[in-house]
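# Tertiary structure, described
Given next are the chains, with one letter for each unit.
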Amino acid sequence: MTADTSAAAPRQRLRTEDDPDAHLRTNPIKIGIGIVGMIAVIWGLANLFLAFGYYPEWFGNKFVIGILAIVAGVGGAALLFYFLNMFVEGLPRRLSEGVIPYAFILPGLLLVGLMLIYPTFQTINYSFANADSTAYVGLQNYKTIFGSSEFWQSIVNNILWLLIVPALVVAFGVIVAVLADKLSATGEKVAKSMVFLPMAISAVGASAIWLLVYAYNNPGQPQTGLLNAIWTGLGGDPQTWLAIDTLKLNSILLMVILIWLQAGFAMVLLSSAIKGVPEDTVEAARIDGAGEFQIFWQVIIPQIKGTIITVFVTVFITVLKVFDIVYVTTNGAYGTNVIANLFFNKLFAASEAGQATAIVVVLLIAVIPLIWYQVKHFRDEEAGR
Amino acid sequence: MSRSLMKDGRPRSPFSIVTMTILALLWTIPTLGLLVTSFRTRDDAATSGWWTALFNPFGADWTTSNYSGAWTGADLSSGFVNSIIVAIPATVIPIMFAAFAAYAFTFMDFPFKEFFFLLIIAVMVVPIQVAFQPMLNILGPRGLGISGQYIAVWLLHTGFGMPLCIYTLRNYMSTLPRSVVESAKIDGCSHFQTFWRLVAPMSIPAIAAFATLQFLWVWNDLLIAKLFLKSENTTVIVKLQQLLGSQGQGQELLTAGAFITIIVPMIVFVTLQRYMIRGMTSGAVKG
């Protein structure tokens with residue numbers, strides 16, 4: 001890598017030696033080509049991509065569109081930055097030094113602005129408007145949702161999910177990480193991949209898998225669901241598990257699906273943190289006569305606290321937005337509804353954009369402390385860098 | 001008490017072996033159940049548990065007709081093609097934009113740099129649900145009229161993936177030696193050249209890590225595909241969700257369908273998980 005740059009260096013120097021100050025002055029040709037190039041690229045890309053949408057038949061088949069999209073997307077982005085860079089280089093040196101960082105971050109930031117920041121404010125705005133966002137209705141949407149028992153039930157369920165899932169995911173992650181660390185190298189690898197694998201499975205796929213586990217057949221028939229097979233094997237009557245609201249059993253069974261999906265993620269991060277715990281701190285505790293259990297709680301846990309919090313917060317954010325699992329399995333029936341599913345049904349099935357956006361605003365308020373935490377965490381991390 | 005030793009000299013821990021075996025089985029059995037059921041005939045699957053077939057493999061009726069039924073009959077094949085067309089551009093395009101931004105955030109100093117980066121970090125937490133109604137208006141018939149097409153979904157996934165991508169790549173790039181970039185500058189390389197020739201190639205592990213995560217996320221997404229793709233463009237995950245919704249007939253296709261949706265992310269995951277783990281741990285584990 002370094003050899004390559006030093007080889008390229010003399011050539012670069014020679015060019016600038018002809019007119020050492022060339023790059024300090026304005027270069028109108030570069031500015032011109034840069035501007036024209038950027039406009040051409042944006043115009044061309046916009047038209048091509050709109051044509052994908054409006055006239056898909058022009059391109060023959062879907063694969064042509066897909067491949068063109070990759071080539072145009074990647075090549076277009078590269079070209080755009082190329083012309084942007086040329087434009088900035090054409091500016092006088094002092095100006096160009098100041099402008100180029102913004103040129104690099106602008107395309108990315110614009111997309112974030114269009115897709116996330118502008119909609120945040122627009123959603124707050126729509127939450128005061130009617131079902132198709134055409135007229136303001138004041139606080140009506142909030143009155144409606146706060147007056148519905150379904151909303152409060154969803155809030156209670158969401159809180160339950162938040163109390164149970166992140167804690168159990170972290171606990172499982174720690175247990176698996178610690179125990180796997182004590183296995184032989186092969187054993188550790190195999191065991192960890194088995195726990196990690198569900199991370200590749202979609203929530204819809206996971207729901208299909210677990211619906212099979214929770215399946216119900218009439219009494220007297222052989223049970224094809226694993227849970228009912230075990231339950232009847234122990235002498236119980238077959239149950240329609242996801243319809244049992246007592247003690248929120250059905251919600252808890254849905255939480256199992258998410259815990260199953262997320263434990264691998266927690267394990268990977270926690271395992272790498274545990275491997276980073278210095279061996280001599282563990283050894284010192286052992287010499288002092290500490291048991292394995294004491295070492296775990298008093299030596300290992302304090303040293304991986306940072307990672308535990310990171311994993312907890314990440315899972316917490318995922319759980320706050322949990323949707324697919326509930327939508328696919330019960331769609332909120334039998335008292336299992338959650339906020340994100342309620343939102344989806346208001347927006348998609350009921351076409352009540354006003355109420356849907358009001359629900360999102362509630363969700364948004366719930367994440368404000370998390371935003372504050374993320375920002376603070378980042379600042380602490382940067383200070384320690 | 002004598003304990004046997006492992007090859008590397010550490011004592012064997014029977015407790016760990018037993019507990020980990022149980023946990024690993026618990027984590028695998030549900031998926032195994034799906035896999036076994038997907039190869040059973042409808043009658044077999046309805047009248048006995050999948051484990052009976054596993055204990056008596058030669059007495060059971062095995063079939064692959066569920067797969068052909070799900071692939072053609074339930075039309076998962078078109079969903080599969082759509083998923084590929086949606087997922088690849090939606091994985092590659094955000095990386096292009098994010099890599100330049102991450103470069104600027106890592107190697108350049110400019111006013112409001114911290115403000116912009118904190119904005120990125122804050123936005124990572126914002127639920128994507130905020131975007132749906134406004135984006136339905138912008139992309140739908142009241143706006144550009146491209147809702148329902150692939151482009152709408154590419155655009156959305158690019159925007160939603162951007163903050164995490166910038167964050168991951170910047171974290172990785174800040175571990176690269178700053179001297180490399182500075183010496184390139186002294187040699188007369190522009191930032192554009194430094195990015196292409198040095199920083200982008202050196203960031204391949206982080207790019208691979210993010211690409212894996214983003215691909216899994218796009219492929220497995222239900223929400224955006226359901227809201228922003230019309231039915232002939234919809235993904236295999238939405239098709240599976242529709243299969244799950246139609247109770248009764250076609251139940252035998254469901255398990256095969258579920259496995260069809262799982263297979264691609266599984267292959268991507270297994271081949272690239274080494275990169276992914278490295279990227280995840282270098283980005284998130286700092287203490």
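What you see is a predicted model; the values in this text were computed from it and never measured.

It is worth spelling out the confidence of the model for chain A at this point. The share of residues in chain A with pLDDT of 70 or more is 94%, and the mean pLDDT across the chain is 87. In this model residues 1-17 of chain A is a low-confidence stretch, pLDDT under 50, and it forms 14 contacts with partners more than four residues away in sequence or in other chains.

It is worth spelling out the interface of chain B and chain A at this point. Each partner contributes to the interface: chain B provides 129 residues, whereas chain A provides 122 residues. Taken over both partners, the interface formed by chain B and chain A buries close to 10,800 Å², and the fraction arising from carbon and sulfur atoms is 77%. Contact with chain A buries surface across chain B, with M20, W27 and V125 of chain B losing the most and accounting together for 7% of the total. Summed over the shared surface of chain B and chain A, the result is 2 salt bridges. Close ionic contact of E382 of chain A with R170 of chain B constitutes a salt bridge, the shortest N to O distance being 2.8 Å. Scanning the region where chain B abuts chain A turns up 10 residue pairs in polar contact (both at pLDDT 80 or more). Considering each element in turn, the side of chain B that touches chain A owes the most residues, 16 residues, to helix α1 (residues 14-38) of chain B. Here the residues of the side of chain B that touches chain A are counted per class, giving 87 nonpolar, 31 polar and 11 charged.

Let's shift gears to unusual backbone geometry. Residue and element names in this part refer to chain A. At N331, a residue that is not glycine, the phi angle is positive and equals roughly 50 degrees. Within the element layout of this structure, N331 appears in the loop between α14 (324-329) and α15 (339-349). According to the relative accessible area criterion, N331 is partly exposed, its value standing at 36%. For S351, which is not glycine, the phi dihedral falls at a positive 50 degrees. Tracing the backbone shows S351 in the loop between α15 and α16 (353-383).

The next thing to look at is the pattern of salt bridges. All names here are of chain A. Inspection of the entire model under this criterion finds 16 salt bridges over all chains. Taking the shortest distance from any N to any O, the salt bridge between E292 and K182 comes out at 3.4 Å. Linking E292 in helix α12 (residues 292-303) with K182 in the loop between α6 (149-181) and α7 (185-196), this pair joins segments that are 110 residues apart in sequence. Classification of E292 by relative accessible area gives partly exposed; the value is 43%. A salt bridge links E188 to K192, with the nearest nitrogen and oxygen atoms 3.1 Å apart.

To continue, consider the domain arrangement of chain A. Residue and element names in this part refer to chain A. Along its sequence, chain A is carved into domain 1 (21-126) and domain 2 (143-383). Just the C-alpha atoms count here: the centres of domain 1 and domain 2 sit 40 Å apart. Tallying the contact residues gives 4 residues for domain 1 and 5 residues for domain 2. Surface buried jointly by domain 1 and domain 2 totals about 350 Å² across both partners, of which 82% is contributed by carbon and sulfur atoms.

This next bit is on the domain arrangement of chain B. Residue and element names in this part refer to chain B. Structurally, chain B comprises domain 1 (14-63) and domain 2 (69-284). Relative placement of domain 1 and domain 2: their C-alpha centres are 34 Å apart. Of the roughly 630 Å² buried at the junction of domain 1 and domain 2 (both faces included), carbon and sulfur atoms supply 75%. When residues of domain 1 are sorted by the area they lose upon contact with domain 2, L34, S38 and R42 head the list and together hold 70% of the total. At the boundary of domain 1 and domain 2, one finds 0 salt bridges. Broken down by element, the side of domain 1 that touches domain 2 gets its largest block of residues, 4 residues, from α1. In terms of residue class, the side of domain 1 that touches domain 2 is made up of 2 nonpolar, 2 polar and 1 charged.

Scanning the entire structure with this criterion turns up 49 aromatic pairs over all chains. Chaining the aromatic ring pairs together yields one cluster made of F81, Y82, F83 and F104 of chain A together with F97, F100, Y103, F107, F192, F195 and W196 of chain B. Lying over the aromatic face of F117 of chain B, R170 of chain B brings its terminal NZ or CZ to 4.6 Å of the ring centre.

Attention now moves to the packing of helix α4 (residues 93-126) of chain A against helix α8 (residues 150-173) of chain B. Closest axis-to-axis distance for the α4 of chain A/α8 of chain B pair is 8 Å, and the angle between their directions is 110 degrees. If you check the angle between α4 of chain A and α8 of chain B, you find them roughly perpendicular. Crossing geometry of α4 of chain A relative to α8 of chain B is assigned as left-handed. Here α4 of chain A contributes G108, L111, V112, M115 and L116 of chain A to the contact with α8 of chain B, which in turn contributes L155, L156, T158, G159, F160, M162 and P163 of chain B. Partitioned by chemical class, the residues of the contact of α4 of chain A with α8 of chain B number 9 nonpolar, 3 polar and no charged.

Extensive coverage of helix α8 (residues 203-213) of chain A is indicated by the burial of 9 of its 11 residues. Along α8 of chain A, the residues classified as buried are A203, V204, G205, A206, S207, A208, I209, W210 and V213 of chain A.

In terms of nonpolar packing, the biggest core is built from 219 residues, with W161 of chain A together with F132 and W154 of chain B touching the most fellow members. Take this core: its biggest share by element is 19 residues, from helix α5 (residues 76-107) of chain B. Look past the residues within four positions of W154 of chain B in its chain and what remains in contact with it is F49, F52, I65 and A69 of chain A together with I85, V86, P89 and A90 of chain B.

Topologically, T120 of chain A is positioned in helix α4. Using a relative accessible area of 13% as the deciding quantity, one classes T120 of chain A as buried. In this view, T120 of chain A contacts L364 of chain A together with V126 and V130 of chain B; residues no more than four positions away in its chain are not counted.

Let us now look at the packing of helix α2 (residues 28-54) of chain A against helix α3 (residues 62-90) of chain A. Residues and elements named next belong to chain A. In the contact formed by α2 and α3, the axes pass within 8 Å of each other and the chain directions differ by 160 degrees. It follows that α2 is roughly antiparallel to α3 by the angle criterion. For the element pair α2 and α3, the recorded crossing hand is left-handed. Residues that form the contact of α2 with α3 fall into these classes: 20 nonpolar, 5 polar and 2 charged.

Here we come to the environment of Y102 of chain A. On the secondary structure map, Y102 of chain A appears in helix α4. Given the relative accessible area of 27%, Y102 of chain A is considered partly exposed. Beyond its immediate stretch of four places on either side in the chain, Y102 of chain A contacts F110, P111, F112 and F116 of chain B.

Time to look at the side chain of K248 of chain A. Examined against the element boundaries, K248 of chain A turns out to sit in the loop between α9 (226-233) and α10 (249-275). Despite being buried, K248 of chain A has no salt bridge partner; D245 of chain A is the closest side chain of opposite charge, sitting 4.2 Å away.

Cut-offs and rules
- Residues numbered from 1 in each chain as written.
- Chains lettered and ligands numbered in written order.
- Predicted model: local features only at pLDDT ≥ 70, side-chain atom pairs only at ≥ 80, totals over all residues.
- Heavy atoms only, no water.
- pLDDT = per-residue confidence, 0-100.
- Contact = heavy atoms within 4.5 Å.
- Buried area = accessible area lost by both parts, 1.4 Å probe.
- Salt bridge = Lys/Arg side-chain N within 4 Å of Asp/Glu carboxyl O.
- Polar contact = N/O pair within 3.5 Å; in protein donor to acceptor, adjacent residues only side chain to side chain.
- Helix = DSSP H or I, 4+ residues; strand = E, 2+ residues; numbered from the N terminus.
- Nonpolar A, V, L, I, M, F, W, Y, C, P; charged D, E, K, R; others polar.
- Buried < 20%, exposed > 50% of the residue type's maximum accessible area, 1.4 Å probe, protein only.
- Domains from an automatic or database assignment.
- Phe/Tyr/Trp six-rings, centres within 6.5 Å; stacked < 30°, edge-to-face > 60°.
- Lys NZ or Arg CZ within 6 Å of the ring centre and 35° of its normal.
- Axes fitted to C-alpha atoms, helices over the stretch in contact; angles between N-to-C directions.
- Parallel < 35°, antiparallel > 145°, perpendicular 65-115°, else oblique.
- Left-handed = near helix turned anticlockwise from the far one by under 90°.
- Core = buried A, V, L, I, M, F, W, Y, C linked by side-chain atoms within 4.5 Å.
- Lys, Arg positive; Asp, Glu negative; His and termini not counted.

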